[in-house]
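Chain residues, written in single-letter form:
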Amino acid sequence: MTLHLDDLRVRHLGECRHDSPLSAMLAAKRTSPHYVAEGDRVLLEDTVSMLAEHGLPPEDLPSFEAAGPRRKIYFDPAQVTAGIVTCGGLCPGLNDVIRGLVQELTVQYDVKRIVGFRNGLRGLTARHRDDTIELTPDRVRDIHNAGGTILGSSRGAQDAEEMVDSLLLRGINVLFVIGGDGGMNAATNLAAAIRARGLDIAVIGVPKTIDNDLPYTDQSFGFQSAFAQAANFISSVSIEAAASPDGIGIVKLMGRHSGFIACYASLARNAADIVLIPEVPFALEGEDGLLARVERHVRSKGFVVIVVAEGAGQDLLAERGLLEGGATDASGNAKLGDIGGLLRETITAHLTAAGLAPTVRYIDPSYAIRSVTANAYDSVYCLRLAHAAVHAAMAGRTETAVVRWRRRFVHVPMPLIISHRNQVDPDGDLWMSVLEATGHLGQQQPLLVER
Ligand SMILES: Nc1ncnc2c1ncn2[C@@H]1O[C@H](COP(=O)(O)OP(=O)(O)O)[C@@H](O)[C@H]1O
Ligand SMILES: O=P(O)(O)OC[C@H]1O[C@](O)(COP(=O)(O)O)[C@@H](O)[C@@H]1O
Ligand SMILES: [Mg+2]
């Protein structure tokens, strides 16, 4: 999809007429290698060839509005009641973002009232809208020391008009939605319903995904903490497999449609022999198939370590009638078949038939990787995203997500965040690194199946 400058402009509620409490600090600031001034923009693309292809002057190249404080803001902070909601699957750092929002709103902007909606967007329905948490600096002081979200989260559909009614009834004029593709979809619909009613309510998204599969954002917050935890399970399984005759270590990791966790966790330990992700189909049978490859590893090295993303090989499950076609969860997300179970069974059967005596060590850490606290790096990232989100809201941006893009914090129109899914590119350098690390580079890629 080719994007133009106009596709990247974010919506404003109106002219910024109020002096920001940060205006004095901003007065002398200009763009530098470490700061992007409020009037400046950040390029979408970053290679000479991609930029040259546009044949446009720099100011017309596709670019994002820089995030950060503005000298003039839209809302009078004294009149603001903010709302915060966390939706979808858990992710390390949710509490850090909540804490950062509350601290920035109260300390820098002196906002007096912040309402936390409970259990995701369900908290914005008529039934639950009054059961909220008053968020104060005291209430959030220590919440980053725990994983999960103090607000709770949920999946499942809600009516946009009903949610707008809730915002009106609770006097919310700035809503922060921390969520994934589903949450950003819902927030986009909510913002559209607000616009259709001509209301003065800002909706700002902080994109969240453990799978790192939202586009127009560098690695998503919490991802680093999650894959670090996943890497520990790879180490455990490697130790077990290496200590067993004909040892087979298998770790199944989250990643419904994108194999980023599997790739990064594998690279972090560099102990995997085979990495299987949804983006790269593979065959079980045949000389170049997975089973033959596993057998070769076991015969030559004595054991094998396989990291598999949960969304990999779903076609193989479907072929065997092990997939409930079209099944979805309450939010409409695809329900997957158990690729880990299929690998365990077929590898055991194949090696046994080949005269080996496999010992299989299978770990499915599942929720254990996303319920951890954010590491120090992610905590900093979450705090800075929260600061950017508050500045965006106070400056009257709406239907806007705050993200880090090429190491700068920028504003992205929310619909772009849900325009497609970020996936591991089989022709890209991340997958190349995985092939290098697993010793597959330079060989014909044996796990790739022509389709
Ligand atoms: N296409 C959609 N349109 C509107 N709302 C959606 C859509 N997909 C999901 N939602 C809502 O957003 C919330 C979070 O979505 P979900 O997919 O569970 O998690 P995530 O935000 O992590 O992707 C749920 O309450 C869900 O009903
Ligand atoms: O069991 P749940 O809560 O539906 O969550 C499981 C799924 O959510 C995911 O973590 C994706 O969610 P996010 O990208 O929104 O964080 C998948 O990897 C995983 O299969
Ligand atoms: Mg999602």
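Residues numbered from 1 in each chain as written. Chains lettered and ligands numbered in written order. Predicted model: local features only at pLDDT ≥ 70, side-chain atom pairs only at ≥ 80, totals over all residues. Heavy atoms only, no water.

It is worth spelling out the UniProt feature "binding site: Mg(2+)" (unreviewed entry) in the chain at this point. Sites flagged by UniProt as "binding site: Mg(2+)" (unreviewed entry) map to Asp181. Topologically, Asp181 is positioned in helix H6 (residues 181–196). Of the residues examined, Asp181 reaches a relative accessible area of 34% and is grouped as partly exposed. Residues contacting Asp181, with those up to four places away along its chain left out, are Leu214, Ile418 and Arg421. (UniProt positions renumbered as here; feature names shortened; annotations may be inferred. Helix = DSSP H or I, 4+ residues; strand = E, 2+ residues; numbered from the N terminus. Buried < 20%, exposed > 50% of the residue type's maximum accessible area, 1.4 Å probe, protein only. Contact = heavy atoms within 4.5 Å.)

We now examine the UniProt feature "binding site: ATP" (unreviewed entry) in the chain. With numbering matched to this structure, UniProt assigns "binding site: ATP" (unreviewed entry) to Gly89, Arg155, Gly156, Gly180, Asp181, Gly182 and Gly183. Spanning 95 residues, the named residues form one tight spatial group whose C-alpha atoms are at most 13.1 Å apart. Summarising the element assignment, Gly180 is placed in the loop between strand S9 (174–179) and H6.

Further remarks concern the site of ligand 2. Every residue close to ligand 2 is listed here: Arg155, Lys208, Thr209, Ile210, Asp211, Met254, Gly255, Arg256, Glu310, Tyr367 and Arg370. Lys208 places a polar side-chain atom, nitrogen or oxygen, 3.0 Å from an oxygen atom of ligand 2. At 2.5 Å, a side-chain N or O of Tyr367 approaches an oxygen atom of ligand 2. When the free accessible area of ligand 2 is taken as 480 Å², the share hidden by the protein chains comes to 84%. Residue-level mapping places the shell around ligand 2 at the junction of two domains, with at least three residues from each of domain 1 (48–220 + 374–417) and domain 2 (223–371 + 426–437). (Near = heavy atom within 4 Å. Polar contact = N/O pair within 3.5 Å; in protein donor to acceptor, adjacent residues only side chain to side chain. Areas by Shrake-Rupley, 256 points an atom, 1.4 Å probe, with all protein chains shown as cover. Domains from an automatic or database assignment.)

Lining the immediate environment of ligand 1, one finds 19 residues, of which Gly156, Asp181, Gly183, Lys208 and Ser331 sit closest. Note that an oxygen atom of ligand 1 is positioned 2.9 Å from one of the side-chain N or O atoms of Arg155. Within the backbone of Gly183, one N or O atom sits 2.8 Å away from an oxygen atom of ligand 1. Contact with the protein chains removes 82% of the 540 Å² of surface that ligand 1 exposes when unbound. In terms of residue count, H6 provides more of the shell around ligand 1 than any other element does, 6 residues in total. Of the residues in the shell around ligand 1, the class split is 4 nonpolar, 12 polar and 3 charged. (Nonpolar A, V, L, I, M, F, W, Y, C, P; charged D, E, K, R; others polar.)

This part is about the pattern of salt bridges. Scanning all chains against the criterion turns up 24 salt bridges. Here Lys112 ties to Asp110 by a salt bridge, and the two come within 2.8 Å at their closest N and O atoms. Exposure remark for Lys112: the relative accessible area of 64% places this residue in the exposed category. Each member of the salt-bridge network shares a partner with another, and the members are Arg11, Arg195 and Glu399. (Salt bridge = Lys/Arg side-chain N within 4 Å of Asp/Glu carboxyl O.)

On to the sheet that holds strand S8 (residues 132–134), then. Pairing in this open sheet of 9 strands is mixed, and the strands run S3-S4-S17-S16-S10-S9-S6-S7-S8 from one edge to the other. Each end of this open sheet is capped by a strand with a single partner; those strands are strand S3 (41–43) and S8. Ignoring strand direction, the axes of neighbouring strands in this sheet form an average angle of 35°. In this sheet, strand S4 (residues 63–66) lies alongside S3 in antiparallel orientation, the contact comprising 3 bridges. Across the sheet, Leu43 pairs through a bridge with Ser63, a residue of S4. (Pairing = 2+ DSSP bridges. Axes fitted to C-alpha atoms, helices over the stretch in contact; angles between N-to-C directions.)

What follows is about the sheet that holds strand S13 (residues 303–309). In spatial order, the strands read S12-S13-S11-S14; together these 4 strands make up an open sheet with parallel pairing. Bordering the open sheet on either side are strand S12 (274–276) and strand S14 (359–363), each of which pairs with just one other strand. Direction aside, neighbouring strands of the sheet carry axes that sit 15° apart on average. In this structure, S12 lies alongside S13, joined through 3 bridges in parallel fashion. Its bridge partner lying in S13, Val275 is registered against Val307.

Attention now goes to the domain arrangement of the chain. Looking at the chain, the domain boundaries give domain 1 (48–220 + 374–417) and domain 2 (223–371 + 426–437). With centres defined by C-alpha atoms, the gap from domain 1 to domain 2 works out at 34 Å. Contacts between domain 1 and domain 2 engage 19 residues on the former and 19 residues on the latter. Summing the contributions of domain 1 and of domain 2, the shared interface buries around 1,600 Å²; its carbon and sulfur component is 46%. A per-residue breakdown of the area domain 1 buries against domain 2 is headed by Arg155, Ile210 and Asp211, which together make up 35% of the total. The interface formed by domain 1 and domain 2 holds 1 salt bridge in total. Residues Asp329 and Arg155 are paired through a salt bridge, measuring 3.8 Å at the closest nitrogen-oxygen approach. On inspection of domain 1 and its partner domain 2, the count reaches 8 residue pairs in polar contact (both at pLDDT 80 or more). Partitioning the side of domain 1 that touches domain 2 into residue classes produces 7 nonpolar, 8 polar and 4 charged. (Buried area = accessible area lost by both parts, 1.4 Å probe.)

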